[in-house]
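Breakdown of the fold
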Amino acid sequence: MQSIESTAEVLVLKILNIYGDKTWVTWAVDMLVAGFDSEHLRILAGEREPFCYSCDMQILIDKVLNELQISYSDETQIIKNYATSLIKKALDGKADLLETLKCLSNIYCETNYAYRCLSVLYAFEDDIYEEWFWGGKKPTQKMIDDEIRKRFREFLLPDNEKEKIDQKPMHLNKMSNKTVEKKEKSGSSDRFWHPRFWDGMTMSAWYKQVVKGKFRVAPSGVAMFGIISALSVLNSGYAALQSLFYGRKIHEIKIEHPPVFIIGHWRSGTTLLHEYMILDKQFTFADTYSCFAPQHFLLTRRWLTPLISFLMPKKRPMDNMAVGLDRPQEDEFALCAMGMHSPYVNIIFPNNPPIDAKFLTLKNVSEQERREWLDGLESFLRCLTFAENKCVIFKSPPHTARIAAILERFPNAKFIHIHRNPYSLYASTFNLWMQLSVVHGLQRSNGKRFEARVFRMFEEMYAAFRDDISLLKPEQFTEIAYDALTSQPAAALEKVYHDLNLLGFEQSQEKFLQFAASQKSYQKNKFHIDPDIEAKITERWAWYIERYGYQLPDK
């Protein structure tokens, strides 16, 4: 006797560890009607909402499947069977095409196995209606339905026939992470013991961020989710103690030195410039530990950092830059770890639609939201100033798009903008998001959204930047090129000091030269990007290319 059709669906629920779903009860009833019978199948069929605890349901369901000798060991085949069932219904007109596609896409995002049997569907996601996806055309409903039917029919073909099909017609190939190919291995390999950026969050901060991600934790991310959740309890206690011991002093401290912000797109050289600038001891900065644990680093740094330093990788995951708890870090990670709105929440949930996208520029947020964000930045600045009463030099690419908002709170702030060839930026940024989501994400990253994300965020960032730089006085703003910093670092840094009326270049020049000498062996990543992507960069990032005089690099 063959199992009933809905068995394919409940086995997928089994893979996803979903037990408190009435689908199980409906399936059990249908199995009894179809002639199947067992002791625990009858018990399952009699369950009613609210269901018993999930662990009890899991035990009950395991017993049912074992009694009926229904295997669930081959997870890839189970997902493929269920996908086949859904697709056949959609092609027969018994289910909506787009809703079926969304259901399959959700499974694709939530499992480690779906890519192999659903790879033909990689091009479809929530932004299916975007015109760029359709090669500049406004798609009709018929175009969308025809494309989905075509993909569904290809999926149903035998594997040997699928291999003969060009899987990358027109624009669809551009959604794959193969648009960027890394030419050599670099960066650290992920290990389960490596600290995550979210390990220092308090319970309230962690809850806020996972709510934004709608708790969409893939099976591969369950362990990380559990560890961070457990650590959040400790962090909440440490944060309460820091507030008790230092809260009043932090609140009352006077910020005597306007902060300096290093800005520029991701992978434009902001980290390298930050490394140079903090050699000048007139500055202090946000290091990795303070960004990991922004709400208690003043209390715990002295005794906790020695305990976790040995867990740190030697290099960043995306390149060959050294890392360490005392190395400079992006304050955006601190803001995110404080539970504030930040587009970096997308690193936790890389397969979700954009989260907190409007907080990249702060231009389309309410006055209260902007004030709360600035309060958070000022709070972190006060903690850093309390630790060491010097001028704080921040580094965070999103601040490139927030100059106007930052000036509201810090009208005398200074900004150093670094720029780089945009063709190199695209490839390196794509790799950045991929690597960060793999190491710090709660979902198995598929890269489907990264192309759109890189283009969108660049354009939003520099649209805001163009508007905001007119608000700055000459002594508040300067720009340098990444190539100048790497080829003639002393001259580039002297320009920064001169333009911003900063003192101390001569005293720090020897340190700059020594650091430059130590970087000569540094190996940059090398990438190959799809020619169609290069053409899109030329067209969509024309303002940046023209302003800074960049050209397509020689192959």
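Everything discussed here concerns the structure shown above.
Reference entry: report on the structure contained in this document. (Residues numbered from 1 in each chain as written. Predicted model: local features only at pLDDT ≥ 70, side-chain atom pairs only at ≥ 80, totals over all residues. Heavy atoms only, no water.)

1. Here we look at the overall build of the protein chain
Filter applied, for reference: Working definition: helices are DSSP H or I runs of at least four residues, strands are E runs of at least two. Numbering for both runs from the N terminus. When accessible area is computed with a 1.4 Å probe and restricted to protein chains, residues below 20% of their type maximum are described as buried, those above 50% as exposed, and intermediate ones as partly exposed. Should any heavy atoms of two residues lie within 4.5 Å, those residues are counted as being in contact.
When helices and strands are tallied, the protein chain shows 25 helices and seven strands. Here the protein chain, with 555 residues, has 54% of them falling under the buried criterion. Contacts in the protein chain between residues at least 24 apart in sequence constitute 77% of all its contacts with a sequence separation of at least 6.

2. Looking at a nonpolar patch on the surface
Using the following cut-off: Patch definition: residues above 30% relative accessible area lacking any salt bridge, with like charges linked at up to 9 Å and the nonpolar side chains Val, Leu, Ile, Met, Phe, Trp and Tyr linked at up to 5 Å. All accessible-area figures derive from a Shrake-Rupley calculation using a 1.4 Å probe, and residue coverage is judged against the displayed protein chains alone. Just to be clear on terms, a salt bridge is a Lys or Arg side-chain nitrogen sitting within 4 Å of an Asp or Glu carboxyl oxygen.
Together, Tyr207, Val211 and Phe215 make up an exposed nonpolar region whose accessible area comes to about 310 Å². Here valine 211 is to be found in helix α10 (residues 203–212). Judged by its relative accessible area of 37%, valine 211 falls in the partly exposed class.

3. Describing the pairing of strand β5 (residues 414–419)
What counts here: We call two strands paired when DSSP finds no fewer than two bridges between them.
Burial analysis of β5 places six of its six residues in the buried class, which makes it a mostly covered element. With four bridges joining them, strand β2 (residues 260–263) and β5 adopt parallel strand pairing. The residue bridging phenylalanine 261 from the neighbouring strand is phenylalanine 415, located in β5. Examined bridge by bridge, β5 and strand β6 (residues 477–481) share five bridges and lie parallel to one another. Across the sheet, the residue bridging to histidine 419 is alanine 481, located in β6.

4. Examining the side chain of threonine 385
Counting through the fold element by element, threonine 385 comes out in helix α17 (residues 367–387). Residue threonine 385 is classed as buried on the basis of its relative accessible area, which comes to 3%. Setting aside chain neighbours within four positions, we find threonine 385 in contact with Ile253, Lys254 and Val392.

5. A word on the packing of helix α1 (residues 7–15) against helix α2 (residues 22–33)
A pair of packed helices can be characterised by two numbers: the angle between their axes and the separation between those axes. Short version of the rule: Orientation is described by axes fitted as lines to C-alpha atoms, over the contacting stretch for helices, and by angles from 0 to 180 degrees between their N-to-C directions. By convention the crossing between two helices is left-handed if the near helix lies anticlockwise of the far one by an angle smaller than a right angle, and right-handed if it lies clockwise. Gly falls in the polar group here, along with every residue not listed as nonpolar (Ala, Val, Leu, Ile, Met, Phe, Trp, Tyr, Cys, Pro) or charged (Asp, Glu, Lys, Arg).
Close contact between α1 and α2 brings their axes to 10 Å; oriented N to C, the two are set at 145 degrees. The element α1 and its partner α2 pack so that their crossing is left-handed. Taking contact as the criterion, the partners of Thr7, Glu9, Val10, Leu13 and Lys14 in α1 are, on α2, Thr23, Trp24, Trp27 and Met31. Of the residues in the contact of α1 with α2, the class split is five nonpolar, two polar and two charged.

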